[in-house]
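As a plain string of letters, each chain reads:
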Amino acid sequence: QQQVKQSPQSLIVQKGGISIINCAYENTAFDYFPWYQQFPGKGPALLIAIRPDVSEKKEGRFTISFNKSAKQFSLHIMDSQPGDSATYFCAARGTGNQFYFGTGTSLTVIP
Amino acid sequence: NAGVTQTPKFQVLKTGQSMTLQCAQDMNHEYMSWYRQDPGMGLRLIHYSVGAGITDQGEVPNGYNVSRSTTEDFPLRLLSAAPSQTSVYFCATSGSGAYEQYFGPGTRLTVT
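Rules and cut-offs
- Residues numbered from 1 in each chain as written.
- Chains lettered and ligands numbered in written order.
- Predicted model: local features only at pLDDT ≥ 70, side-chain atom pairs only at ≥ 80, totals over all residues.
- Heavy atoms only, no water.
- Helix = DSSP H or I, 4+ residues; strand = E, 2+ residues; numbered from the N terminus.
- Rg over C-alpha atoms; globule rule 2.2 N^0.38 Å.
- Buried < 20%, exposed > 50% of the residue type's maximum accessible area, 1.4 Å probe, protein only.
- Contact = heavy atoms within 4.5 Å.
- Areas by Shrake-Rupley, 256 points an atom, 1.4 Å probe, with all protein chains shown as cover.
- Lys, Arg positive; Asp, Glu negative; His and termini not counted.
- Charge placed at Lys NZ, Arg CZ, Asp CG, Glu CD.
- Pairing = 2+ DSSP bridges.
- Axes fitted to C-alpha atoms, helices over the stretch in contact; angles between N-to-C directions.
- Buried area = accessible area lost by both parts, 1.4 Å probe.
- Salt bridge = Lys/Arg side-chain N within 4 Å of Asp/Glu carboxyl O.
- Polar contact = N/O pair within 3.5 Å; in protein donor to acceptor, adjacent residues only side chain to side chain.

A. Just the overall build of chain A, in detail. Assigned secondary structure in chain A consists of zero helices and 11 strands. Its helices and strands in sequence order give chain A the pattern β-β-β-β-β-β-β-β-β-β-β, from N to C terminus. The globule rule puts the C-alpha radius of gyration for 111 residues at 13 Å, and the 13 Å found for chain A is close to it. Dimensions of chain A, computed from the C-alpha atoms along their principal axes, are close to 40 × 30 × 20 Å. The buried share of chain A, reckoned over its 111 residues, is 47%. Sequence-distant contacts, at least 24 apart, represent 52% of the contacts inside chain A between residues at least 6 apart. As displayed, chain A has an accessible area near 5,300 Å², and 49% of this comes from carbon and sulfur atoms. In chain A, 10 side chains carry a positive charge and 7 a negative one; their mean positions are 3 Å apart.

What follows is the structure in structure tokens.
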């Protein structure tokens, strides 16, 4: 059973557009929600993260929006660039420092 | 500072063979984890360790063994490889009190 559900599976955006990826969870014990970026042939790398007591966090062009009551969070990439083309994973931290990952979103930014 | 290293990068096994995937880190991190990544499945936790001598099972532990005799190393053992274990394996570490995980470059394993 997938603890963190992620959509869409793939996303194509024009350069300069906004990319939005959504995730949902059920376990209210999760206490940390990171987003990872992965390029082909590489390991995932932390992009941005948020804790559930904050509704939004922004770092440069990347923003996480967090809705605790709906148990949903999303990644917004503003002014998307071809270099942002990668696979993005949301995740949630549970007890014992265990992380549960979404199934990933393959983002393609068209020049 | 190498960070998290994994060896080998690629491996092909026959069904029933055994092997060990190596993971080493030089960041003095307490937490280490093994994940497998399969298309459409994301990353799934196999085993993890919260310190030397302490290991525990994750979501998909069957067919895998781990041990943690030192802070630096966390090997993953496949005792009898099966085609269902064909996957990309990632090792990750994080420090005590810090939630950020650092991933290694991965090992691509094919079992025929």
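B. Seen up close, the sheet that holds strand 6 (residues 56–59) of chain A. Residue and element names in this part refer to chain A. The sheet built from five strands is open, its strands ordered 1-3-8-7-6 with antiparallel pairing. Sheet topology places strand 1 (4–7) and strand 6 at the edges, where each strand pairs with a single neighbour. Each strand of the sheet is rotated relative to its neighbour by a mean of 15°, with strand direction disregarded. Pairing geometry for strand 3 (residues 19–25) and strand 8 (residues 72–77), over six bridges, is antiparallel. Bridging across to strand 8, isoleucine 20 finds its partner in histidine 76.

C. Seen up close, the interface of chain B and chain A. Residue-level contacts link 21 residues of chain B with 21 residues of chain A. The contact between chain B and chain A buries some 1,700 Å² in all, and 55% of this surface belongs to carbon and sulfur atoms. Where chain B packs against chain A, one counts zero salt bridges. Our count for the contact surface shared by chain B and chain A stands at four residue pairs in polar contact (both at pLDDT 80 or more). Among the secondary structure elements, those contributing two or more residues to the side of chain B that touches chain A are strand 4 (31–38), strand 5 (42–51) and strand 9 (87–94) of chain B.

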